[in-house]
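# Topology and contacts: notes
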Amino acid sequence: MTTVFLLIIYLGKIQQESNMMFADINRCKYFAARVMKQPANPATKQRYTAICRPVEVDLNNPDVRVYR
């Protein structure tokens with residue numbers, strides 16, 4: 001098992017589907033910052049929020065993709 005960082009995105013208070021995992025916290029935080037700079041949804045006025053959460057994954061699993 002290896003620790004990676006999962007990018008979690010919220011629209012308002014609702015968590016969105018996301019499976020982007022990064023080997024480096026700084027890379028994850030870069031994408032989180034870019035997501036949060038997006039404008040609010042015009043219809044609902046909700047904004048995006050993104051965080052990076054450490055998770056344990058098995059890198060031998062072919063379904064797991066970790067960005068570097």
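Below or above, wherever it landed, is the structure these notes cover.

Calculation notes
- Residues numbered from 1 in each chain as written.
- Predicted model: local features only at pLDDT ≥ 70, side-chain atom pairs only at ≥ 80, totals over all residues.
- Heavy atoms only, no water.
- Helix = DSSP H or I, 4+ residues; strand = E, 2+ residues; numbered from the N terminus.
- Buried < 20%, exposed > 50% of the residue type's maximum accessible area, 1.4 Å probe, protein only.
- Areas by Shrake-Rupley, 256 points an atom, 1.4 Å probe, with all protein chains shown as cover.
- Lys, Arg positive; Asp, Glu negative; His and termini not counted.
- Charge placed at Lys NZ, Arg CZ, Asp CG, Glu CD.
- Disulfide = S-S within 2.5 Å.
- Phe/Tyr/Trp six-rings, centres within 6.5 Å; stacked < 30°, edge-to-face > 60°.

## Focus: the overall build of the protein chain
- Tallying secondary structure elements over the protein chain gives 1 helix and 5 strands in all.
- Along the protein chain, from the amino end to the carboxyl end, the secondary structure elements read β-β-β-α-β-β.
- Dimensions of the protein chain along its principal axes, counting C-alpha atoms only, are 40 × 20 × 15 Å.
- The buried share of the protein chain, reckoned over its 68 residues, is 25%.
- Of the accessible surface of the protein chain, which amounts to about 5,100 Å², a share of 51% is contributed by carbon and sulfur atoms.
- Computed over 10 positive and 5 negative side-chain charges, the inter-centroid distance for the protein chain is 17 Å.

## Observations concerning the state of the cysteines
- Tallied over the entire structure, the rule returns 1 disulfide.
- Covalently, C28 is tied to C52 through a disulfide, its sulfur atoms 2.2 Å apart. Disulfide C28-C52: torsion about the S-S bond near -105 degrees, hence left-handed. Residue C28 is found in helix 1 (residues 25-36), and its partner C52 is found in strand 4 (residues 48-57); the two are separated by 24 residues along the sequence.
- For C28, a relative accessible area of 0% corresponds to the buried category.

## Comments concerning the packing of aromatic side chains
- What the rule picks out here adds up to 3 aromatic pairs.
- With 5.2 Å between their ring centres and 20 degrees between their planes, F22 and F31 make a pair best called stacked.
- On the accessibility criterion, F22 (1% relative accessible area) is buried.
- Measuring from ring centre to ring centre gives 5.8 Å for F22 and Y67, while their planes differ by 40 degrees; the resulting arrangement is tilted. Residue F22 is found in strand 3 (residues 21-22), and its partner Y67 is found in strand 5 (residues 66-67); the two are separated by 45 residues along the sequence.
- The exposure class assigned to Y67 is partly exposed, which follows from its relative accessible area of 30%.
- Site record: aromatic cluster; members linked through ring pairs are F22, Y30, F31 and Y67.

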